[in-house]
Amino acid sequence: MSDSQFRHEPDPDDPDWMIWEIKDPERFNALLGKFRVRRETEQMARCRMWPQPIHSNLSDVVHGGVVMSFIDISMFAGSRMLGIEHAGRSVTLDLTCQFMAPGAMDKPLDAEVEILRETGRLVFLRGLVVQDAVKVAAFSGTIRKASPPR
């Protein structure tokens, strides 16, 4: 899978944001629904999703698995927004998450993604998942970029 298998273009409804959607609706990424990304600074991008009932747990808050999936996808979308070119075959090597508060169902979730370092094959990231002033989760992770075609 390459970056061409993603729809990545300005959002006509909000030009400050870029659409980040997988073109194949049968893939896992599609479960998160509407997903947007924008560059905030040289080192930080913001990704956004809007929780839907399918994203809730029995306590009627965002399921922790959804938060972690959102983080995982945000690491790729955020790093791409910050100029790191990697094909869709790149993989997450590790992801650490600390949950700090429940995610509310009636507000968008934002992932603030910061690149700490990029090497030839690796991208080291960290960030926060927030809803307004509430810190929902903190995370750090590493992406291994895809090998060049042989």
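Note that this is a predicted model, so its numbers are computed, not measured.

Enumeration over the complete set of coordinates arrives at one aromatic pair. Taking 5.7 Å as the distance between ring centres and 65 degrees as the angle between the ring planes, the aromatic pair formed by Phe-35 and Phe-70 counts as edge-to-face. On the criterion of sequence distance, the pair formed by Phe-35 in strand 3 (residues 35-39) and Phe-70 in helix 1 (residues 64-81) is long-range, its members being 35 residues apart. Of the two residues, Phe-35 and Phe-70, neither departs from the other in class, the shared state being buried. When the ring centre of Trp-50 is taken as origin, the NZ or CZ atom of Lys-34, which lies over that ring, is 4.3 Å away.

Take the pattern of salt bridges next. The tally for this structure, following the rule as stated, stands at 14 salt bridges. Between Asp-11 and Arg-36 there is a salt bridge, with the nearest N and O atoms lying 2.8 Å from each other. Of the two residues, Asp-11 is situated in strand 1 (residues 6-11) and Arg-36 in strand 3; the sequence distance between them amounts to 25 residues. Both residues of the pair, Asp-11 and Arg-36, belong to the buried class.

Once that is clear, we can look at the sheet that holds strand 7 (residues 122-131). Strand order in the open sheet formed by eight strands is 1-2-3-4-6-7-8-5, and the pairing between neighbours is antiparallel. Either end of the sheet is taken by a strand with one partner, and the two such strands are strand 1 and strand 5 (91-99). Sheet twist, expressed as the mean angle between neighbouring strand axes with direction ignored, is 25 degrees. Across ten bridges, strand 7 lies against strand 8 (residues 134-144) in antiparallel orientation. Bridge pairing links Leu-122 to Arg-144 in strand 8. The sheet strands contacting helix 1 are strand 1, strand 2 (14-22), strand 3, strand 4 (44-49), strand 5, strand 6 (109-118), strand 7 and strand 8, and the helix crosses strand 5 at an angle near 125 degrees.

About the criteria used
- Residues numbered from 1 in each chain as written.
- Predicted model: local features only at pLDDT ≥ 70, side-chain atom pairs only at ≥ 80, totals over all residues.
- Heavy atoms only, no water.
- Phe/Tyr/Trp six-rings, centres within 6.5 Å; stacked < 30°, edge-to-face > 60°.
- Helix = DSSP H or I, 4+ residues; strand = E, 2+ residues; numbered from the N terminus.
- Buried < 20%, exposed > 50% of the residue type's maximum accessible area, 1.4 Å probe, protein only.
- Lys NZ or Arg CZ within 6 Å of the ring centre and 35° of its normal.
- Salt bridge = Lys/Arg side-chain N within 4 Å of Asp/Glu carboxyl O.
- Pairing = 2+ DSSP bridges.
- Axes fitted to C-alpha atoms, helices over the stretch in contact; angles between N-to-C directions.
- Contact = heavy atoms within 4.5 Å.

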